[in-house]
Amino acid sequence: MALRSPLSCVAKRATATAQSTQLLSTHASQWRRGNATVAPVKQNGAGSKGPTAMVFMNMGGPSTTDEVHGFLSMLFADKDLIPLGPLQNYIGPYIARRRTPKIQKQYAEIGGGSPIRKWSEYQAAEMCKILDRTSPETAPHKPYVAFRYANPLTEDTYKQLIADGFGGGKGGRAVAFTQYPQYSCSTTGSSLNELWKWRQRLEGKRAADGEVDAEGAIKWSVIDRWPAHTGLVEAFAQLIEKKLLEYPPERRDNVVLLFSAHSLPMTVVNRGDPYPSEVAATVYAVMSRLGHKLKYRLVWQSQVGPQPWLGAQTSDTVKEYMKKGQTDMLLIPIAFTSDHIETLYELDKEVIGEDAEGHEGVKRVDSLNDHPVFIEALADIAKAHLASGKAVSKQMTLRCPKCTSERCLASKDFFAGQQKHLDAAA
Ligand code: FES
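Here is a short report on the structure shown in this document. Remember, it's a predicted structure, so these values are computed and weren't measured experimentally.

**Thoughts on the sheet that holds strand β6 (residues 295–301)**
Taken in spatial order, the four strands make up an open sheet running β6-β5-β7-β8, and their pairing is parallel. Each having just a single partner strand, β6 and β8 (362–364) make up the two edges of the open sheet. Across this sheet, the average inter-strand angle for adjacent strands is 25 degrees, counted without regard to direction. Of the strand pairs in this sheet, strand β7 (residues 329–333) and β8 are connected by three bridges, and their pairing is parallel. Note on β8: the bridge partner recorded for L330 is K363. The sheet strands contacting helix α8 (residues 230–244) are β5 (256–262), β7 and β8, and the helix crosses β7 at an angle near 155 degrees. Running over the sheet, helix α11 (residues 275–289) touches β5 and β6 and is turned about 155 degrees from β6.

Written out as structure tokens, the structure is:
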């Protein structure tokens with residue numbers, strides 16, 4: 001989200017689908033609360049482990065300008081994403097209200113809303129088509145999208161899963177597939193905490209109709225990070241090579257690659273968040289694929305709020321290099337899997353349009369969006385995950401050294417604890 005105006009000032013003032021149901025119903029009656037001896041459901045009745053719900057998790061974005069205020073309200077209320085201290089419940093709504101008109105204008109300038117839902121639904125659907133071929137034992141694969149701050153919200157997607165015959169007493173298998181390639185407790189961690197929260201409210205101890213027996217609830221596993229997957233790296237490399245061709249041959253070797261990722265507050269970095277090192281892993285893998293033939297830097301964008309954030313900032317970097325005479329720079333959004341306001345507005349209009357004054361030497365590579373190599377990569381990651389039988393990665397079970405969040409602890413315990421249910425159903 002482009003937040004170029006001094007939010008710090010604002011904060012300081014404030015301180016003062018319906019998708020078809022598979023053949024589940026015939027098996028649902030096999031499940032009885034507390035009856036752990038009933039054999040696991042074979043949901044398509046043909047010995048397959050499917051259907052499998054593939055749930056793409058991301059932050060989301062407002063599809064229309066009318067959705068901006070709701071989006072910002074949820075975003076600034078999320079302590080996992082933007083920790084604003086003990087007064088967050090007051091400061092968050094205040095900032096959201098103040099920011100809404102400006103952010104609405106930004107979305108209006110990029111076509112009236114974020115394309116992230118369109119791209120996420122496309123990517124999930126296309127990946128599932130491939131997965132049906134490459135992983136027939138877990139087919140059919142059903143695509144879902146669960147956003148943290150915009151429609152379709154995690155709560156609604158979970159309800160949709162149940163309406164479609166997953167869980168709610170019928171058993172069933174779902175994969176929470178983060179669409180943040182690099183793990184941060186602010187992004188993937190926040191989405192998982194939200195998913196866990198709704199699991200508790202819809203199938204767990206807090207469910208209105210009582211807790212669903214573990215065997216009848218959705219069996220979850222998590223794809224939590226994939227920063228250096230060869231398909232991801234290849235897709236980025238191809239997009240960079242394609243854009244470099246737009247520079248005259250005699251200038252091409254001196255283009256500086258600026259890999260730009262969403263920044264983090266230093267409080268989050270110093271808590272031990274793995275994101276900076278995982279973004280760096282992606283960058284280094286892409287540079288290795290490109291043969292280290294060009295100069296590059298990893299820079300950080302979208303700083304918001306009064307705290308110190310991880311730098312150097314993308315905006316400052318472009319301005320400083322321009323002053324030094326380096327006017328050929330290629331921006332690569334390395335932590336985003338599709339276009340949204342950070343690319344279309346912040347990089348294209350603010351960094352290139354304003355900081356670089358539209359200099360023709362400063363360009364941005366296309367986002368991954370519908371790149372076929374990227375879609376194949378998603379399917380490859382998912383196939384390997386399903387074949388592994390693992391509920392979570394080893395790394396996901398390790399909390400940040402300075403984490404004090406009970407949500408993190410409970411959420412990680414829950415997802416890691418899914419292993420015994422996956423094993424029982426295997
Ligand atoms: Fe990183 Fe809780 S903040 S595990």
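That shown, we press on.
**Considerations on the sheet that holds strand β2 (residues 141–147)**
Strand order in the open sheet formed by four strands is β2-β1-β3-β4, with parallel pairing between adjacent strands. Two strands bound the open sheet, and with one partner strand each, they are β2 and β4 (219–223). Ignoring strand direction, the axes of neighbouring strands in this sheet form an average angle of 25 degrees. Two elements, strand β1 (residues 52–58) and β2, share seven bridges in a ladder whose sense is parallel. Bridge assignment links A53 to a residue of β2, and that residue is K142. Along the sheet, helix α6 (residues 154–163) makes contact with β1, β2 and β3 (173–178), crossing β2 at roughly 155 degrees. Packed onto the sheet, helix α7 (residues 188–202) meets β1, β2, β3 and β4 and runs at close to 155 degrees relative to β3.

**Notes on the packing of α8 against α11**
Put simply, α8 and α11 touch, their axes get as near as 9 Å, and they point 60 degrees apart. If you check the angle between α8 and α11, you find them oblique. In this structure, α8 meets α11 at a crossing whose hand is right-handed. The segment α8 lies against α11, with V233, E234, F236 and A237 engaging A285, V286 and R289. Its residues assigned to classes, the contact of α8 with α11 shows five nonpolar, no polar and two charged.

Analysis parameters
- Residues numbered from 1 in each chain as written.
- Predicted model: local features only at pLDDT ≥ 70, side-chain atom pairs only at ≥ 80, totals over all residues.
- Pairing = 2+ DSSP bridges.
- Helix = DSSP H or I, 4+ residues; strand = E, 2+ residues; numbered from the N terminus.
- Axes fitted to C-alpha atoms, helices over the stretch in contact; angles between N-to-C directions.
- Contact = placed C-beta atoms within 7 Å.
- Parallel < 35°, antiparallel > 145°, perpendicular 65-115°, else oblique.
- Left-handed = near helix turned anticlockwise from the far one by under 90°.
- Nonpolar A, V, L, I, M, F, W, Y, C, P; charged D, E, K, R; others polar.

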